[in-house]
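Take a look at the letters that make up each chain.
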Amino acid sequence: MIVAIDGPAGSGKSAVGRRVAEALGLPFVDSGLMYRAIALLALERGLEPTDGAALSRLAHQVRLKVDGRKVWIDGDDYTDRVYSPELSEAASLVGKVAGVRLALVAQQRALGRPGVVMAGRDIGTVVFPDTLHKFFLTASVEERARRRAAQIDARGEQADPAQLRREVEERDRRDSQRSVAPMRAADDATVIDTNQLDLEATVAEVLRHIREQS
Ligand code: DC
């Protein structure tokens, strides 16, 4: 079984995906981690986020491994470094490059055999368009910025709410307006508005739909 969970930054797709995967006994893959990993390597190597050819080469050369919230690049654990706001921004820029997407989509499809719950922006539209189980999570910009602030707070760091909101809006705009694989709900996706739903309730809703679709 393949379950695709897409949605914008802060919509809860990773937390929900992880729980749904646990309930179904499937592996969970957060595809955003793969874009973050390429962005991190690009920064380390001084590549410009607009240098499509160099970024595509990089994405085709490196060996990525993702497991839950963890990511390894060529065998080294990079988890601690990929969650910063700087990397969120850089990953969104790297995600505009067609060659990078080509390399990562191939790896994502390989990870989908024999079954997976995968979170991202284009899982239902591009990576696994044939699966029956497609979800698109949404929430208002205010709510998503509030969730981001809570995550940062939980790490004992300071967050500026106005700045977070601007970052979320900018990432929404870039991810949904890029020419290759823009973020959008697949025509046959179940759209779930999570403004009034907590994690438990959203997971229950996804599992209920999967049971009905099976
Ligand atoms: O889900 P995330 O916040 O970790 O993703 C970081 C960026 O990576 C996101 O802003 C756009 C890009 N991305 C993508 O283009 N396609 C995906 N399937 C997942 C992430």
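As a reminder, the structure under discussion sits directly above these lines.
Note that this is a predicted model, so its numbers are computed, not measured.

Colleague: Explanation requested: helix α5 (residues 98–111) in the structure shown.
Modeller: One full turn of an α-helix is made of 3.6 residues, so residues set three or four places apart face in the same direction. End to end, α5 covers 20 Å across 14 residues, agreeing with the expected 20 Å (1.5 Å per residue, within 8%). Listed as buried for α5 are Gly99, Val100, Arg101, Ala103, Leu104, Val105 and Gln108. Next to the buried residues of α5 lie α2 (31–44), α3 (52–61), β3 (64–67), α4 (85–94), β6 (116–120) and α6 (123–127).

Colleague: What is the right way to look at the pattern of salt bridges in this model?
Modeller: When charged atoms on two side chains of opposite charge get close, those side chains can pair. Inspection of the entire model under this criterion finds 19 salt bridges. Put simply, arginine 19 and glutamate 200 hold a salt bridge, and the shortest N to O gap is 2.8 Å. Remark: glutamate 200 occurs in helix α9 (residues 199–213) and arginine 19 occurs in helix α1 (residues 13–24); sequence separation between them is 181 residues. As a salt-bridge pair, arginine 147 and glutamate 143 come within 3.0 Å of each other at their nearest N and O atoms. In this pair, arginine 147 and glutamate 143 are both assigned in helix α7 (residues 141–154), 4 residues apart and thus about one turn of the helix distant.

Colleague: Just to check I follow, could you spell out the site of the ligand for this structure?
Modeller: Taken together, 14 residues lie around the ligand, and Arg36, Arg101, Arg171, Asp175 and Arg178 are the ones closest in. At 2.7 Å, a side-chain N or O of aspartate 175 approaches an oxygen atom of the ligand. Judged by its atoms lying within 2 Å of the grid points, the ligand is housed in the largest pocket. Elements with a contribution of two residues or more to the shell around the ligand: α2, α4 and α8 (161–177). Examining the composition of the shell around the ligand, we find that 4 residues originate from one element, α2, more than from any other. Residue classes in the shell around the ligand are distributed as 2 nonpolar, 4 polar and 8 charged.

Colleague: What exactly am I supposed to notice about the pairing of strand β7 (residues 133–138) here?
Modeller: Most of β7 is tucked away: 5 of the 6 residues are buried. The sheet contact formed by strand β1 (residues 2–6) and β7 spans 4 bridges and is parallel. Residue isoleucine 5 lies in a different strand from β7, and its bridge partner there is phenylalanine 135.

Colleague: What should I look at first to understand the environment of alanine 154 in this one?
Modeller: Within the element layout of this structure, alanine 154 appears in helix α7. Measuring from C-alpha to C-alpha, the distance between alanine 154 and aspartate 6 comes to 24 Å, with 148 residues separating the pair along the chain.

Colleague: Teacher, can you tell me more about the side chain of serine 88 here?
Modeller: Looking at the element boundaries, serine 88 is found in helix α4. You can call serine 88 buried: its relative accessible area is 9%. A polar atom in the side chain of serine 88 sits 3.1 Å from the side chain of arginine 36.

Colleague: Please explain the layout of surface pockets as it appears in this structure.
Modeller: One way to see where empty space is left: roll a probe the size of a water molecule over the atoms. In this structure, the largest pocket occupies an estimated 1,200 Å³ of space. Listing elements by their share of the lining of the largest pocket, those giving two or more residues are α1, α2, α4, α7, α8 and α9. For the lining of the largest pocket, the residue count by class is 14 nonpolar, 14 polar and 21 charged.

Colleague: Just to check I follow, could you spell out the packing of α2 against α4 for this structure?
Modeller: Packed helices, taken two at a time, are described by the angle between their axes plus the distance between the axes. Across the interface, α2 lies against α4 with an axial gap of 8 Å and an inter-helix angle of 100 degrees. The pairing of α2 with α4 is recorded here as roughly perpendicular in orientation. For the pair α2 and α4, contact is made by Tyr35, Arg36, Ile38, Ala39, Leu40 and Leu43 and by Glu86, Leu87, Ser88, Ala90, Ala91 and Val94, respectively. Broken down by class, the residue content of the contact of α2 with α4 amounts to 9 nonpolar, 1 polar and 2 charged.

Colleague: What is the right way to read the environment of glycine 68 from this model?
Modeller: Its location among the elements puts glycine 68 in the loop between β3 and β4 (70–73). Judged by relative accessible area, which is 18%, glycine 68 ranks as buried. Excluding residues that lie within four positions of it along the chain, glycine 68 makes contacts with Arg18, Phe28, Asp30 and Leu33.

Colleague: Explanation requested: the pairing of strand β8 (residues 190–193) in the structure shown.
Modeller: Side-chain direction in a regular strand flips from residue to residue, so the side chains alternate between the two faces of the sheet. Of the two faces of β8, only the one carrying Thr190 and Ile192 is buried; Val191 and Asp193 on the other face are not. Sheet topology note: the β7/β8 ladder contains 4 bridges and is parallel. Counted as the bridge partner of threonine 138 is aspartate 193 from β8.

About the thresholds
Residues numbered from 1 in each chain as written. Predicted model: local features only at pLDDT ≥ 70, side-chain atom pairs only at ≥ 80, totals over all residues. Heavy atoms only, no water. Helix = DSSP H or I, 4+ residues; strand = E, 2+ residues; numbered from the N terminus. Expected span 1.5 Å × (residues − 1). Buried < 20%, exposed > 50% of the residue type's maximum accessible area, 1.4 Å probe, protein only. Contact = heavy atoms within 4.5 Å. Salt bridge = Lys/Arg side-chain N within 4 Å of Asp/Glu carboxyl O. Near = heavy atom within 4 Å. Polar contact = N/O pair within 3.5 Å; in protein donor to acceptor, adjacent residues only side chain to side chain. 1 Å grid on protein atoms, 1.4 Å probe; cavity = no way out; pocket = protein on both sides within 12 Å on 5 of 7 lines; lining within 4 Å. Sits in = over half its atoms within 2 Å of the grid points. Nonpolar A, V, L, I, M, F, W, Y, C, P; charged D, E, K, R; others polar. Pairing = 2+ DSSP bridges. Points joined across faces, edges and corners; volume = space filled by probe spheres on them. Axes fitted to C-alpha atoms, helices over the stretch in contact; angles between N-to-C directions. Parallel < 35°, antiparallel > 145°, perpendicular 65-115°, else oblique.

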